[in-house]
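Here is what each chain is made of, one letter per residue.
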Amino acid sequence: MGTSHASITVEDDRGARVMLPAPPKRIVSLLPSLTETVCVLGACGRLVATDRWSNWPVSVASLPKLGGLDDANLELLVAQKPDLVLLSPSNRLATRLRSLGLTVAELDAEDLPQVQRMLRKVAALLGSPQLADQHWQAMDDEIRAAQAMVPASMRGTRVYFEVSSALYAAGESSYIGQLLTRLGAVNIVGAGLGPFPKLNPEFVVRAQPDLIMLSASEAASLARRPGWSNMKAVRGGRVCAMPPADYDVLSRPGPRLGAAAKVLARCLASFKGGA
């Protein structure tokens, strides 16, 4: 990774060398966390289109929307004449885009060190490598501020964080799990299961978490899941139902992780004192 003269070479997450003759002026981003990273690094004005889910900062709402992970509009993308396309390694478009002569960087993150690495790589691609560590430090300061929001009585709280109703969870080794650890919580999904494992419903029932965190859209149906109405957290209403704006922040491993830590801290703080 680095810059020499005006040219830029960065190795992406697939190990491919991404080479640019100069900092890109027309960028397409197909992942919200990458869109947010570009904007936080001061290059929002260089974005010419994004995926349908990118909605922060508000200025990106007016950009052409190209679709999602599996249904991006290739013709519309090419029509933007991007000199750099940012997408996740799980997006199957990369090979096709390269065959059309476009410069592509495949980047994503599942844990905090990977978020820092993504920030550094995007900053290098933008021609502003010096900005990455400044922003990482600011995020770290926010996470430390979130730690101070959690009452001592809530340290050690056993938490289940649900990513989707298909029972994908945020495990201890994910960025959400690592934020919870820094806030003093204990994740019922150990690191050995991977960052975002799909769980058997009985696993959660047996684990009896003290607190459940999930999207507000799923919270109302928790008690109807077989066996879940007997869980102490469900019975006692110890459930943090995240509204869409908060859930967006939590679901994106990017530059708003300081804000994500504060969402988690507010959830923990709201249940202080009761078991």
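The shown structure was predicted, so the numbers you read here are calculated from the model rather than taken from an experiment.

K.L.:
Describe the overall build of the chain, with residues and values.
P.N.:
Along the chain, the regular secondary structure elements total 11 helices and 12 strands. In terms of overall dimensions, the chain is globule-like: its C-alpha atoms have a radius of gyration of 20 Å, near the 19 Å expected for 275 residues. Counting every position in the chain, which comprises 275 residues, the buried fraction comes to 49%. Residue pairs in contact within the chain that sit at least 24 positions apart in sequence constitute 58% of those at least 6 positions apart. Total accessible area on the chain stands at roughly 12,100 Å², and carbon and sulfur atoms take up 54% of it. Charged side chains of the chain number 30 positive and 24 negative; the gap between the two group centres comes to 3 Å.

K.L.:
Now, about the pattern of salt bridges: what can you tell me, with residues and values included?
P.N.:
Pairing between side chains of opposite charge can happen when the charged atoms of each approach one another. Evaluation of the coordinates by the stated rule reveals 19 salt bridges. The partner of R120 in a salt bridge is D133, with the nearest N and O atoms 2.9 Å apart. One end of the pair, R120, is in helix α4 (residues 112–125); the other, D133, is in helix α5 (residues 131–147), with 13 residues separating them in the sequence. Looking at R120, the relative accessible area reads 35%, which means it is partly exposed. Two residues, E142 and K262, come together in a salt bridge whose shortest N-O distance is 3.7 Å. Within this pair, whereas E142 is found in helix α5, its partner K262 is found in helix α11 (residues 257–269), the two being separated by 120 residues in sequence. In this structure, a network of salt bridges that share partners links the residues D12, R14, R98 and E106.

K.L.:
Describe the state of the cysteines, and please don't skip the residues or the numbers.
P.N.:
Considering all chains together, one arrives at two disulfides under this definition. Residue pairing for C240: its cysteine sulfur links by disulfide to C267, the two sulfurs lying 1.9 Å apart. Around the S-S axis, the bridge from C240 to C267 shows a dihedral of about 105 degrees and counts as right-handed. Of this pair, C240 sits in strand β12 (residues 239–242) while C267 is found in helix α11, placing the two residues 27 residues apart along the sequence. Numbered by position along the chain, the disulfide-linked cysteines of the chain connect as 1-2, 3-4.

K.L.:
Can you explain the packing of aromatic side chains? Please cite residues and give values.
P.N.:
A complete count under the given rule lists two aromatic pairs for this structure. Seen from their ring centres, Y160 and W228 are 6.1 Å apart, and the 70 degrees between their planes marks the pair as edge-to-face. On the criterion of sequence distance, the pair formed by Y160 in strand β8 (residues 158–164) and W228 in the loop between α8 (216–219) and α9 (232–235) is long-range, its members being 68 residues apart. Here the two residues Y160 and W228 agree in accessibility, since each one is buried. The ring of W228 carries R225 above its face, with NZ or CZ at 4.6 Å from the centroid.

K.L.:
Give a description of helix α1 (residues 32–40) that names residues and reports values.
P.N.:
An α-helix turns once per 3.6 residues; consequently, residues spaced three or four apart project the same way. With eight of nine residues buried, α1 lies mostly within the body of the structure. Among all positions in α1, only P32, S33, L34, T35, E36, T37, V38 and C39 are buried. Against β4 (27–29), β5 (47–50), β6 (84–87) and α4 lie the buried residues of α1. Following α1 by one or two positions, G42 adopts a phi angle in the positive range, close to 85 degrees.

K.L.:
Lay out the environment of D246 in plain terms, naming residues and giving numbers.
P.N.:
Relative to the elements of secondary structure, D246 occurs in helix α10 (residues 244–250). C-alpha separation for the pair D246 and S215, spaced 31 residues apart in sequence, amounts to 8.8 Å. With sequence-adjacent residues up to four places away left out, D246 is seen in contact with V263 and R266.

K.L.:
Give me the pairing of β12: which residues, what numbers.
P.N.:
Here β12 shows a buried face lined by C240 and M242 and an unburied face lined by V239 and A241. Two strands pair when backbone bridges link them, and strand β11 (residues 211–215) and β12 are joined in this way by four bridges, in the parallel orientation. The partner of L214 across the bridge, within β12, is A241.

K.L.:
So what's going on with the layout of surface pockets? Which residues, and what values?
P.N.:
Counted as a void, the largest pocket has a volume near 1,000 Å³. The wall of the largest pocket is formed by 30 residues, among which L31, D108, V163, S251 and P253 lie closest to the centre. Broken down by secondary-structure element, the contributors of at least two residues to the lining of the largest pocket are α1, α4, β8, α6 (175–182) and α10. Within the lining of the largest pocket, the residues separate by chemical class into 16 nonpolar, seven polar and seven charged.

K.L.:
An account of unusual backbone geometry is needed here, citing residue identities and associated values.
P.N.:
Here the residue pair W56 and P57 is connected by a cis peptide bond, since its omega of -5 degrees sits within 30 degrees of zero. For K81, which is not glycine, the phi dihedral falls at a positive 50 degrees. Inspection of the secondary structure assignment puts K81 in the loop between α2 (74–79) and β6. In the Ramachandran plot, L167 falls in the positive-phi region, its phi being about 65 degrees despite a non-glycine side chain. For L167, the position within the fold is in the loop between β8 and β9 (168–169).

Calculation rules
Residues numbered from 1 in each chain as written. Predicted model: local features only at pLDDT ≥ 70, side-chain atom pairs only at ≥ 80, totals over all residues. Heavy atoms only, no water. Helix = DSSP H or I, 4+ residues; strand = E, 2+ residues; numbered from the N terminus. Rg over C-alpha atoms; globule rule 2.2 N^0.38 Å. Buried < 20%, exposed > 50% of the residue type's maximum accessible area, 1.4 Å probe, protein only. Contact = heavy atoms within 4.5 Å. Areas by Shrake-Rupley, 256 points an atom, 1.4 Å probe, with all protein chains shown as cover. Lys, Arg positive; Asp, Glu negative; His and termini not counted. Charge placed at Lys NZ, Arg CZ, Asp CG, Glu CD. Salt bridge = Lys/Arg side-chain N within 4 Å of Asp/Glu carboxyl O. Disulfide = S-S within 2.5 Å. Phe/Tyr/Trp six-rings, centres within 6.5 Å; stacked < 30°, edge-to-face > 60°. Lys NZ or Arg CZ within 6 Å of the ring centre and 35° of its normal. Pairing = 2+ DSSP bridges. 1 Å grid on protein atoms, 1.4 Å probe; cavity = no way out; pocket = protein on both sides within 12 Å on 5 of 7 lines; lining within 4 Å. Points joined across faces, edges and corners; volume = space filled by probe spheres on them. Nonpolar A, V, L, I, M, F, W, Y, C, P; charged D, E, K, R; others polar.

Honestly, that's just the spatial picture; any functional story needs more than this.
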